[in-house]
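Here are the chains, one letter per residue:
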Amino acid sequence: MLTKELLSYILDIGELMLVNGAEVNRVEDSISRICKAYDAKRVDVFTITSSIVVSIQLKSGNTLTQTRRILSYSTDLDKLDRLNNLSYYVCKHTPEAEYIRNEIEKIRIRRKYGAVVQYLVYGMIAGTFTIFYGGDVNDAAVSAAIGMILKLAITFIQRVDKNVFFVNILCSFVVGMLGFLLVRMGIGHSFEMIAIGNIMLLIPGLALTNSIRDIISGDTIAGLLRLCEAILVALSISFGFGLVSVFIGGMFK
């Protein structure tokens, strides 16, 4: 039978799904299915990018309502896959609340890739996109080095301020200035190719994709909110590179 404690753990599953890259429809469907597996008579779930609200009518006639505020996002498809598997298991076997709590904790603290791997992947992606868009080997090498510095900048800035727009503006500025200076020194050849390789690391592709999926699936409000957020992030990236142009123009008048 559903209790306040069990509902809280179900909300934890939904919250972690949303935070780690799930679309709204998946979150609402998972919460609804789990609640109905525990004999809820009616389940109403409302999810947007910053909040989850669940109201449940029990067969006894009582109503349980809980809400969860979402403050930040990341992308971890491994955690999302494990959360999906957990939700399927819970729907099928309806275990005790303690079991769900333990499984959620295991997923929450699951170790990500090591720092070295993350830096190398950032560099590889930046260099690959630079080649893809027409840069040469020198540009790719410079782009890869800047990509690793970008990862360092993101990690450092997020410790000071987790605001995604502030982080993207500063990181875009750092990437742009490094690219310009290295091209100016003759190490790289094309500032545009180096810049585009690193811009691709910042583009909110998953958020944009999920916003379209949310709109198509009928979650128009959530989809539009996520779309607006993705557009604002893209604008903040543009603003950061725009500051580089202004700064360079002032230096070399």
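Residues numbered from 1 in each chain as written. Predicted model: local features only at pLDDT ≥ 70, side-chain atom pairs only at ≥ 80, totals over all residues. Heavy atoms only, no water.

Going by an unreviewed UniProt entry, the protein chain carries the name Threonine/serine exporter-like N-terminal domain-containing protein and comes from Desulfosporosinus meridiei. In its Sequence similarities (unreviewed entry) section, the UniProt entry covering the protein chain states "Belongs to the ThrE exporter (TC 2.A.79) family." Here the protein chain is described in UniProt, under the heading Subcellular location (unreviewed entry), as follows: "Cell membrane". (UniProt positions renumbered as here; feature names shortened; annotations may be inferred.)

### Comments concerning the UniProt feature "domain: Threonine/serine exporter-like N-terminal" (unreviewed entry) in the protein chain
With numbering matched to this structure, UniProt assigns "domain: Threonine/serine exporter-like N-terminal" (unreviewed entry) to residues 9-245. Across residues 9-245, the secondary structure splits into 70% helix and 10% strand, with the terminal C-alpha atoms separated by 49 Å. (Helix = DSSP H or I, 4+ residues; strand = E, 2+ residues; numbered from the N terminus.)

### Examining the UniProt feature "transmembrane region" (unreviewed entry) in the protein chain
UniProt records the feature "transmembrane region" (unreviewed entry) at residues 116-134, 140-157, 164-187, 193-212 and 224-252, using the numbering of this structure. For the annotated span residues 116-134, helix accounts for 89% and strand for 0% of the residues, and the straight-line distance between the end C-alpha atoms is 28 Å. The span residues 140-157 carries 100% helix and 0% strand; its end-to-end C-alpha distance comes to 25 Å.

### A closer look at the domain arrangement of the protein chain
Domain assignment breaks the protein chain into domain 1 (4-109) and domain 2 (115-250). Taking the mean C-alpha position of each, domain 1 and domain 2 sit 33 Å from one another. The interface is formed by twelve residues belonging to domain 1 together with eleven residues belonging to domain 2. A combined buried area of about 940 Å² lies between domain 1 and domain 2, and 56% of that area is made up of carbon and sulfur atoms. In this structure, the connection of domain 1 to domain 2 is made through one salt bridge. Between Arg213 and Glu23 there is a salt bridge whose closest N-O contact spans 3.0 Å. Across the contact surface, domain 1 and domain 2 share three residue pairs in polar contact (both at pLDDT 80 or more). When contributions to the side of domain 1 that touches domain 2 are tallied by element, the ones reaching two or more residues are helix H2 (24-37) and strand S1 (40-48). Counting residues per element, the side of domain 1 that touches domain 2 draws most heavily on H2, which supplies three residues. (Domains from an automatic or database assignment. Contact = heavy atoms within 4.5 Å. Buried area = accessible area lost by both parts, 1.4 Å probe. Salt bridge = Lys/Arg side-chain N within 4 Å of Asp/Glu carboxyl O. Polar contact = N/O pair within 3.5 Å; in protein donor to acceptor, adjacent residues only side chain to side chain.)

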